[in-house]
Amino acid sequence: MADDGQIIVVAIDGPAGSGKSTVARLLADALALGYLDTGAMYRAVAFAVLSAGIDPEDEDKVAVVAETLDIELRADGSVIVDGADATAEIRSAAVSRSVSAVAANQRVRAELVERQRRWTRIRGGGVLEGRDIGTAVFPDADLKVYLTASPEVRAARRAGEESSLDYATVAADLARRDAYDSSRVHDPLRQASDAVTVDTSDLTIEQVVASLVVMVEEGSQLGAEQ
Ligand code: DC
């Protein structure tokens, strides 16, 4: 993708709690690129669906919400949905429970993938974080990273972020979402064959970011290094 030397796209995929958001944000800062949390877009749609009293499994109604929703992801991390700040609401337990069903909807995915590509084109590149960035959104990204960590470490991280939830609840929710996101028909979570796998279980954020900066700077596409 960077053959013309202008656009740099870094794709960061992996399951919930693998450290994607923190790593992607810091990497974007280090590379002076924009950062896009694509999961926040799916969450914004799920939030709007629930707010409208629509069943998340009602494919047609959910698709119309996605196709007409105004989603603004600000640089400070806030998420504005149809003009209202929904930064906290999109992380609620209710949204977390229903977002996988919304993300399995093919029309929702088509709409959001198109918005993600447009966002990247306008900015001349970026660091995008999600589940299908390296496989579907930007299969020709300059660097594809698959971040992972053990289920125990991922659940402990998520429980630490959300003090109202206990470890067992978070672990069960993560396991359910992993299974759903990996088994859905449209663009399931899976590793691109040419993605660099980084297991963050025993690494600090700084170590992960530093190694990714080196990979981008060296223009290295290290291939499947598992
Ligand atoms: O990263 P997250 O947990 O905030 O993502 C919320 C949900 O959205 C998650 O269940 C998977 C889905 N998702 C997706 O299907 N594709 C993406 N590119 C990003 C997230």
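Structure's up top.
Below you will find a few notes about this structure. (Residues numbered from 1 in each chain as written. Predicted model: local features only at pLDDT ≥ 70, side-chain atom pairs only at ≥ 80, totals over all residues. Heavy atoms only, no water.)

## Some words on the overall build of the protein
Selection rule: Going along the chain from the N terminus, every DSSP run of H or I of four or more residues is numbered as a helix, and every run of E of two or more is numbered as a strand. Throughout, radius of gyration means the C-alpha value; the globule benchmark is 2.2 Å times the number of residues raised to the power 0.38. Using a 1.4 Å probe on the protein chains alone, a residue whose accessible area is under 20% of its type maximum counts as buried, one over 50% counts as exposed, and one in between counts as partly exposed. Any two residues whose heavy atoms approach within 4.5 Å at even a single point are treated as in contact. Positive charges come from Lys and Arg, negative ones from Asp and Glu, while His and the chain ends are left out of the count. The atoms used to mark charge sites are NZ of Lys, CZ of Arg, CG of Asp and CD of Glu.
A tally of regular secondary structure across the protein gives nine helices and eight strands. Whereas a compact globule of 226 residues would reach a radius of gyration of roughly 17 Å, the protein reaches 17 Å, a difference of no more than 12%. Expressed as lengths along the three principal axes of its C-alpha atoms, the size of the protein is roughly 50 × 40 × 35 Å. For the protein, the residues scored as buried account for 48% of the 226 residues in total. For the protein, the share of sequence-separated contacts (at least 6 apart) that also reach a separation of at least 24 residues comes to 74%. Between the averaged position of the 23 positive side-chain charges in the protein and that of its 38 negative side-chain charges there is a distance of 4 Å.

## Points about the site of the ligand
Inclusion rule: Nearness is defined per residue: one heavy atom within 4 Å of the molecule or strand is enough. In protein, a polar contact means a hydrogen-donor-capable atom and an acceptor-capable atom, both N or O and within 3.5 Å, with residues adjacent in sequence counting only if both atoms are side-chain atoms; elsewhere, any N or O pair within 3.5 Å suffices.
Lining the immediate surroundings of the ligand are 16 residues, of which Arg43, Arg109, Arg131, Asp132 and Arg184 lie closest. Between the ligand and serine 100 there is a distance of 3.4 Å, counted from an oxygen atom to a side-chain nitrogen or oxygen. A distance of 2.8 Å separates an oxygen atom of the ligand from a polar side-chain atom of arginine 184. Listed by contribution, the elements that provide at least two residues to the shell around the ligand are α2 (38–51), α4 (93–103) and α8 (167–183).

## Side note on the sheet that holds strand β5 (residues 84–85)
Strand pairing in a sheet relies on backbone hydrogen bonds. The paired strands run either parallel or antiparallel. To keep things clear, this is the line we draw: One requirement defines pairing of two strands: DSSP has to find at least two bridges between them.
If you walk across this open sheet you meet the three strands as β3-β4-β5, and the pairing is antiparallel. Unpaired on one side and paired on the other, β3 (71–73) and β5 mark the two borders of the sheet.

## Considerations on the pattern of salt bridges
Side chains that carry opposite charge are capable of pairing whenever their charged atoms lie near each other. Condition: Between Lys or Arg on one side and Asp or Glu on the other, a salt bridge is scored when a side-chain nitrogen of the former is within 4 Å of a carboxyl oxygen of the latter.
Taken as a whole and judged by the stated rule, the model has 14 salt bridges. A salt bridge links arginine 176 to aspartate 173; the shortest N-O distance between them is 2.8 Å. A residue pair is termed a helical-turn pair when its members lie 3 or 4 positions apart in one helix, as arginine 176 and aspartate 173 do in helix α8 at three residues. Where salt bridges share partners, they join Asp60, Glu67 and Arg107 into one cluster.

## With respect to the sheet that holds strand β2 (residues 35–37)
Rules: A fitted line through C-alpha atoms serves as each axis, taken over the contacting stretch for helices, and the angle formed by two N-to-C directions is quoted from 0 to 180°.
The five strands lie next to each other as β2-β6-β1-β7-β8, forming an open sheet whose pairing is parallel. The open sheet is flanked by β2 and β8 (196–199), the only strands paired with a single partner. Averaged over all adjacent pairs, the angle separating strand axes in this sheet is 20°, with direction ignored. As paired strands, strand β1 (residues 8–13) and strand β6 (residues 125–130) are joined by six bridges and run parallel to one another. Its bridge partner lying in β6, valine 9 is registered against glycine 126. Sheet contacts for α2: β2 and β6; angle to β2, the most-contacted strand, approximately 40°.

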